[in-house]
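Single-letter residue listing:
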Amino acid sequence: MATPSYDFGYDWRWTHGHLIPFAVFALLLFLSIRLKWRWWIAAVSSGLALWSLCGFLIVWFGLIPNRPLELPTERFLTGGSGKVLDAGAGSGRSTLMVVLARPGATAVALDRFGDGYGIEGNSPERLLANMRAAGVASRVEAKVGDMREMPFAAETFDGAVSAYAIDHLSREGTARALDEVKRVLKPRGEFLLMVINRDRWVATAYPFLHGHGYFGREPARNRWRSLVDTAGFDVVEDGTTPGTLYVLCRKRG
Ligand SMILES: C[S@@+](CC[C@H](N)C(=O)[O-])C[C@H]1O[C@@H](n2cnc3c(N)ncnc32)[C@H](O)[C@@H]1O
């Protein structure tokens, strides 16, 4: 089968932005060698050109690839079926992560679908187009709404995921969103939380990135484990993949 053609809409400044400093510093390097400028101009230019090239490759191949996300753990929804919420679904990479890995599952993709968050023209239409490209549109519904006040009845879902979305919220917003995930999950429902992890890949590509749930000096892993625990989840597993911290947990009680 041909590879589906997706459009996840991530802003070029995030996906290709490093190519601008790369071009500038590569040119400076070339000129400084050609015109015999001071040695340190060539040294600094080559360092910054190398950094921007590495940043581009890390982002393109690792952090924001133009393909569906992969489940960071096989322990999510091992039954293979059920109704799953994707909180902050955006253009659908995380929704596809679920429905492609779990062919018996259906998904509801919840998002405010507003501007910002790196996705240009974020809309339910774009998400659904990506679902059609993957041949899974019949199992996915898009819903406009705020994850801090979800438009769903209590105990609607068997499972939930949220990827790189809850970590965009404020402290209060994060707590409210986690409470809402708990409310809409069925008893013992599973929740897979994925957030940006400021590991060496992220720190290299985006040295000035801030926010994303880093409140104070506490390590991110402890912080997120404690937040889901406070919201009423038991942690089943946590771990990292490049650029990502994940916590798999289960609604308590
Ligand atoms: C960086 S995108 C991640 C999208 C997708 N999960 C992915 O991995 O590609 C963050 C998404 O969270 C959504 N979002 C942010 N705050 C939200 C809120 N309060 N309620 C619903 N969605 C929200 C944004 O609209 C955006 O689509």
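Please refer to the structure placed before this passage.
For the structure given in this document, a descriptive report is provided here. Just so we're clear, the structure is a prediction, and the values are computed from it rather than from any experiment.

To describe a pair of aromatic rings, you give the distance between the ring centres and the angle between the ring planes. For the coordinates displayed, the defined rule picks out five aromatic pairs. Summarising the aromatic geometry, the rings of W14 and Y206 are spaced 5.0 Å apart at their centres and angled 70° between planes, so their arrangement reads as edge-to-face. One end of the pair, W14, is in helix α1 (residues 12-15); the other, Y206, is in the loop between α7 (200-205) and α8 (220-231), and 192 residues separate them in sequence. What makes Y206 buried here is its relative accessible area of 14%. Note on F152 and F157: the rings are 5.1 Å apart at their centroids and 90° apart in plane angle, and the pair reads as edge-to-face.

Bringing the pattern of salt bridges into the picture now. Enumeration according to the criterion identifies 14 salt bridges in this entry. D146 is the partner of R112 in a salt bridge, and the nearest nitrogen-oxygen pair spans 3.9 Å. Of this pair, R112 sits in the loop between β2 (104-111) and α5 (124-134) while D146 sits in the loop between β3 (140-144) and β4 (157-163), and the two are 34 residues apart along the sequence. One salt bridge connects K186 with D158, and the closest N-O pair in it is separated by 3.1 Å. Remark: D158 occurs in strand β4 and K186 occurs in strand β5 (residues 185-196); sequence separation between them is 28 residues. With relative accessibility at 27%, the residue D158 sits in the partly exposed group.

Procedures and definitions
- Residues numbered from 1 in each chain as written.
- Predicted model: local features only at pLDDT ≥ 70, side-chain atom pairs only at ≥ 80, totals over all residues.
- Heavy atoms only, no water.
- Phe/Tyr/Trp six-rings, centres within 6.5 Å; stacked < 30°, edge-to-face > 60°.
- Helix = DSSP H or I, 4+ residues; strand = E, 2+ residues; numbered from the N terminus.
- Buried < 20%, exposed > 50% of the residue type's maximum accessible area, 1.4 Å probe, protein only.
- Salt bridge = Lys/Arg side-chain N within 4 Å of Asp/Glu carboxyl O.

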